Amino acid sequence: MDRITHQPDPRASRFLEQLVNDPGYGDYASVVLAWRSSAGSMPVIQAAYARQPTVGRALARGSLGDKTALRDLLKIIEKHRTQPLSFNIMDDNVRSYVQTLHTGGVIPAEQAFELLAHHVFDFDGVSTRSEKKKAVQAAERWLKNNESQLTFDRRRGYFTTPAGH
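Cut-off values and rules
- Residues numbered from 1 in each chain as written.
- Predicted model: local features only at pLDDT ≥ 70, side-chain atom pairs only at ≥ 80, totals over all residues.
- Heavy atoms only, no water.
- Axes fitted to C-alpha atoms, helices over the stretch in contact; angles between N-to-C directions.
- Helix = DSSP H or I, 4+ residues; strand = E, 2+ residues; numbered from the N terminus.
- Left-handed = near helix turned anticlockwise from the far one by under 90°.
- Contact = heavy atoms within 4.5 Å.
- Nonpolar A, V, L, I, M, F, W, Y, C, P; charged D, E, K, R; others polar.
- pLDDT = per-residue confidence, 0-100.
- Polar contact = N/O pair within 3.5 Å; in protein donor to acceptor, adjacent residues only side chain to side chain.
- Core = buried A, V, L, I, M, F, W, Y, C linked by side-chain atoms within 4.5 Å.
- Buried < 20%, exposed > 50% of the residue type's maximum accessible area, 1.4 Å probe, protein only.

**Quick notes on the packing of helix α1 (residues 10–19) against helix α2 (residues 26–35)**
So, step 1. Axis separation between α1 and α2 bottoms out at 8 Å; the angle between their running directions is 145°. Considering the relative orientation of α1 and α2, their crossing is left-handed. Contact with α1, carried on its side by S13, L16, E17 and L19, involves G26, A29, V32 and L33 of α2 and no other residues of that element.
So, step 2. For the contact of α1 with α2, the per-class residue count stands at five nonpolar, two polar and one charged.

This is the structure:
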């Protein structure tokens, strides 16, 4: 898999697209397609997300310019409102795997949202439910105030706001 990440051959994209529906490799393949800026793979990723909504597939959609991914990530975050993060990233056992998980496209919805928004809502700093609620509300406010004006930076793979927001 590592050898094909930056392989420009279209056969590599087709191979990754075949993996997008796989329960084990789907998120990873989706994120790699996004890294490759494979905009032609968007329908495959969107269809896989509709069948099995995951953070990795939403992140890949957003990284390819699908603005609705931000709203979908907020829904995932809302489901996990009682937890500081979608998975307990502050747990020492999980912390030791975080870098490996990130390279596989496995990250919490909160971090995926911040990456796509290119904005920090301090999800990493929360340790209580009330702090999480405040961070979620800040993210929701930001999206509500900026959604109509967001533009996608194709080179960097995230959304930008007009100056001053």
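**Here's the deal with the confidence of the model for the chain**
So, step 1. With 80% of its residues at a pLDDT of 70 or more, the chain shows a mean pLDDT of 82.
So, step 2. The least confident element of the chain, judged by mean pLDDT, is helix α7 (residues 98–103) at 49; the most confident is helix α3 (residues 42–51) at 96.
So, step 3. Note that residues 87–91 has pLDDT below 50 and, in this model, twelve contacts with residues that lie over four places away or in other chains.

**What to know about the environment of R156**
So, step 1. Relative to the elements of secondary structure, R156 occurs in the loop between β1 (151–153) and β2 (158–160).
So, step 2. For the pair R156 and S63, spaced 93 residues apart in sequence, the C-alpha separation works out to 8.4 Å.
So, step 3. In terms of polar contacts, R156 uses its side chain to reach the side chain of D153, at 2.9 Å.

**Some words on the nonpolar core**
So, step 1. By size, the foremost hydrophobic cluster in this structure holds 27 residues, and its most contacted members are L73 and F113.
So, step 2. Among the secondary structure elements, those contributing two or more residues to this core are α4 (55–63), α5 (68–79), α8 (109–117) and α9 (129–146).
So, step 3. When residues no more than four places from it in sequence are discounted, the contact partners of F113 are L70, L73, L74, I77, F121, A139, W142 and L143.

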